[in-house]
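Geometric and topological summary
Given next are the chains, with one letter for each unit.
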Amino acid sequence: MPELSFPSLCRLQPRPSGVTVDESFLTEDKSTQNRKLLQKRRTLELPAALLSHCQAPVLGRTGKLPTQGAPPAGPGHRFHPGTKAAAHQREKIRALEPLKAKLVTVNEDCNERILAMRAEEKHEISLLKKEKMNLLKLIDKKNEEKISLQSEVTKLRKNLAGEYLHYLSERDARKILIADLNELRYQREDMSLAQSPGIWGEDPVKLTLALKMTRQDLTRTQMELNTMKANFGDVVPRRDFEMQEKTNKDLQEQLDTLRASYEEVRKEHEILMQLHMSTLKERDQFFSELQEIQRTSTPRPDWTKCKDVVAGGPERWQMLAEGKNSDQLVDMLLEEIGSGLLREKDFFPGLGYGEAIPAFLRFDGLVENKKPSKKDVVNLLKDAWKERLAEEQKETFPDFFFNFLEHRFGPSDAMAWAYTIFENIKIFHSNEVMSQFYAVLMGKRSENVYVTQKETVAQLLKEMTNADSQNEGLLTMEQFNTVLKSTFPLKTEEQIQELMEAGGWHPSSSNADLLNYRSLFMEDEEGQSEPFVQKLWEQYMDEKDGYLQELKQELGIELHEEVTLPKLRGGLMTIDPSLDKQTVNTYMSQAFQLPESEMPEEGDEKEEAMVEIFQTALERLQVIDIRRVGPREPEPAS
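Residues numbered from 1 in each chain as written. Predicted model: local features only at pLDDT ≥ 70, side-chain atom pairs only at ≥ 80, totals over all residues. Heavy atoms only, no water.

Identification of the chain as Translin associated factor X interacting protein 1 from Gorilla gorilla gorilla is taken from an unreviewed UniProt entry.

Things to note about the overall build of the chain
Looking only at helices and strands, the chain has 19 helices and six strands in total. Sequence separation of at least 24 residues holds for 63% of the intrachain contacts in the chain that already meet a minimum separation of 6. Carbon and sulfur atoms make up 55% of the accessible area of the chain, which amounts to about 45,100 Å² in all. (Helix = DSSP H or I, 4+ residues; strand = E, 2+ residues; numbered from the N terminus. Contact = heavy atoms within 4.5 Å. Areas by Shrake-Rupley, 256 points an atom, 1.4 Å probe, with all protein chains shown as cover.)

Focus on the nonpolar core
If you look at the biggest cluster of nonpolar residues, it comprises 36 residues, and the most contacted ones within it are F360, L381, L405, I421, I425, F437 and L441. The dominant element in this core, judged by the number of residues it contributes, is helix α10 (residues 411-427), at 10 residues. Core analysis: the second largest hydrophobic core is formed by 24 residues, Y547, I557, V584 and A591 among them. (Core = buried A, V, L, I, M, F, W, Y, C linked by side-chain atoms within 4.5 Å. Buried < 20%, exposed > 50% of the residue type's maximum accessible area, 1.4 Å probe, protein only.)

What to know about the confidence of the model for the chain
Mean pLDDT over the chain: 80, with 81% of residues reaching 70 or higher. Taken element by element, the chain is modelled with least confidence in helix α1 (residues 6-12), mean pLDDT 38, and with most confidence in helix α5 (residues 238-296), mean pLDDT 91. Taken as a whole, residues 1-31 scores under 50 in pLDDT and shows 28 contacts with residues more than four places along the chain or in a different chain. Across residues 44-79 the pLDDT falls below 50, and counting only partners more than four positions away or on other chains, this stretch makes 27 contacts in the model. (pLDDT = per-residue confidence, 0-100.)

A short note on the UniProt feature "coiled-coil region" (unreviewed entry) in the chain
Mapped onto the present numbering, the UniProt feature "coiled-coil region" (unreviewed entry) falls at residues 125-159 and 241-275. Secondary structure over residues 125-159 splits into 100% helix and 0% strand, and the C-alpha atoms at its two ends are 50 Å apart. Here residues 241-275 runs as 100% helix and 0% strand, with 50 Å between its end C-alpha atoms. (UniProt positions renumbered as here; feature names shortened; annotations may be inferred.)

Observations regarding the pattern of salt bridges
This structure, assessed with the given rule, holds 21 salt bridges. A salt bridge links E523 to K454; the shortest N-O distance between them is 3.7 Å. Of this pair, E523 sits in the loop between β4 (514-516) and α15 (531-555) while K454 sits in helix α12 (residues 447-467); the two residues are 69 residues apart in sequence, bridging distant segments of the chain. Classification of E523 by relative accessible area gives partly exposed; the value is 35%. (Salt bridge = Lys/Arg side-chain N within 4 Å of Asp/Glu carboxyl O.)

Observations regarding helix α8 (residues 374-390)
For α8, built from 17 residues, the straight-helix expectation of 24 Å at 1.5 Å per residue is met to within 8% by its first-to-last C-alpha distance of 25 Å. All buried positions along α8 are accounted for by V377, V378, L380, L381, A384, W385 and R388. With its buried residues spanning 160° around the axis, α8 presents them on a single face. Residues K386 and A390 are exposed on α8 and point more than 90 degrees away from its buried face. Buried residues along α8 sit against α9 (397-409), α10, α11 (432-441) and α12. (Expected span 1.5 Å × (residues − 1). Arc of directions from axis to C-beta.)

Let's talk about the side chain of E447
Checked against the element boundaries, E447 lands in helix α12. Residue classification places E447 among the buried positions, given a relative accessible area of 19%. Leave out the neighbours within four places in its chain, and E447 touches W385, R388, F397 and V440.

A closer look at the packing of aromatic side chains
Taken as a whole and assessed by the stated rule, the structure comprises 14 aromatic pairs. With centroids separated by 5.5 Å and ring planes inclined at 90°, the aromatic side chains of F360 and F401 adopt a geometry described as edge-to-face. Of this pair, F360 sits in the loop between β1 (347-349) and β2 (366-368) while F401 sits in helix α9, and the two are 41 residues apart along the sequence. When its relative accessible area of 1% is taken as the criterion, F401 is described as buried. An angle of 50° between the planes, with centres 5.8 Å apart, marks the rings of F480 and F532 as tilted. Here the residue F480 occupies a position in helix α13 (residues 477-487), and F532 occupies one in helix α15, the gap between them amounting to 52 residues. Neither residue differs from the other here; F480 and F532 are each classed as buried. Chaining the aromatic ring pairs together yields one cluster made of F360, W385, F397, F400, F401, F404, F422, F437, Y438 and Y450. Here the guanidinium or amino end of R388 rests over the ring plane of F400, the centre of that ring lying 5.2 Å away. (Phe/Tyr/Trp six-rings, centres within 6.5 Å; stacked < 30°, edge-to-face > 60°. Lys NZ or Arg CZ within 6 Å of the ring centre and 35° of its normal.)

So, in structure tokens, the structure goes:
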């Protein structure tokens, strides 16, 4: 049986309804995009229809396969005529087997073409979408340009209409002006003719010439009038101008006054807001402190129980406890207990010769307790300070102290007096002379602090004496306040108020009240100063702490971090610009423990290599006399 081709096979089989075979996919027409996509979809329907149609089984007349109902082959069976037809059908099926393989190949080829066409269609769709978006953007841009042009055209039309109306009004005004001028000219001519009845008897040439000259004068006058109107048409009369100028000046003065008042009120409002915020912070801080105190505080002790224990009885305890808080009372009670134990001791054990032992206490063995009174110790320390201040060649303070004792009591008793005085000044912290001498002796405070404080008190007494013109030892409260402000220009009003209260001022005092200023600098037999001098010392210590705290905030580093010499110097110059170079070098020498002669110059590379722990540097600066020299420059307003 001859082999059937693909087109002939498809013509032999009946086509299902709705299937369109389009063989133009090999040479498709590229006329339009829509027609191309439609043709591709129609082409995709062909392979599946052909495959399903060609794979249909060949049926017999009975509707069954050719082999159905055939008798089994064998010698015992007869061959019926239907057997030949079945054999023919089997041969036909074997002949169609190659066509089936070809159909499978065509099916695969068609599937590949379908996938390729779908991919190409997706790509074309994406390109068309992008082109659509670009065209939409272009349309929006054109629409915006159109709207702007339309608005501009509308604006130009309005301007043109306004200019045209202005031109019409000017034209009408000009015509009216010309008509008025002509009418005035004619009236003048008529009046001149009416006033001169005999003019008709004169020479016509002369009249013509006069008329010509008159017209020329009229023309010139009209030109001058037009020029004046053109130049001074918008000019305001001087009287109106002066009135408006005066009104404007008055309004400007009122505006300046209101602006000044507003600025003053605004500044006051800012100050009040800052004060309000600081008050709120203080309130919150005090509230938190109150809660902490309520949580951690213990019941207040009954200090009246100590009056029967302290030597001297209730009278002495009442005198000692007057005006002191609980912390001060505890210190006083410890001093009383310590002084009692100290009087019971006859000997002190020697501390040995270790490096940690001060030089004036290096001794091994028992040392006699000289048991001096508190007054004797204070007088001895005052004598030591006087000799120290009169000394020309300075030695270390511990060596000076021991040499002073050797010179005063002899080499044999010097060590005993050194231990005795040391134990006494270590116990009596409330005594100013002892506590300051102990701090200097142990290196916790520089002796310059004591010297400077004494010089400050002496200078203040000198200023008050100069203000006392009658030399009566009396000053008015106003003079007292003036002397304090001139002597301490950097102190705040609050600090001056505290000093005045410590000196005896109270709210009911007037400026004319007299003050015995010499009594402010008196000392008792134990070296205790008056409250005024004590308040000076307290303010000095508070100012020093505030100065170092301000330096810490300016540098903005933690206490455990390292600080370089240039950074520390720069922080000091920022918070206190009035510092001179010598004072800054003294501070740096103390902070980095270097002699001033070995300090590197400013800008030297060695400065960056000099570092110290910030807390250590602050502790060293706390020892010396460090204070503010001048006011800090105000920061620029934001």
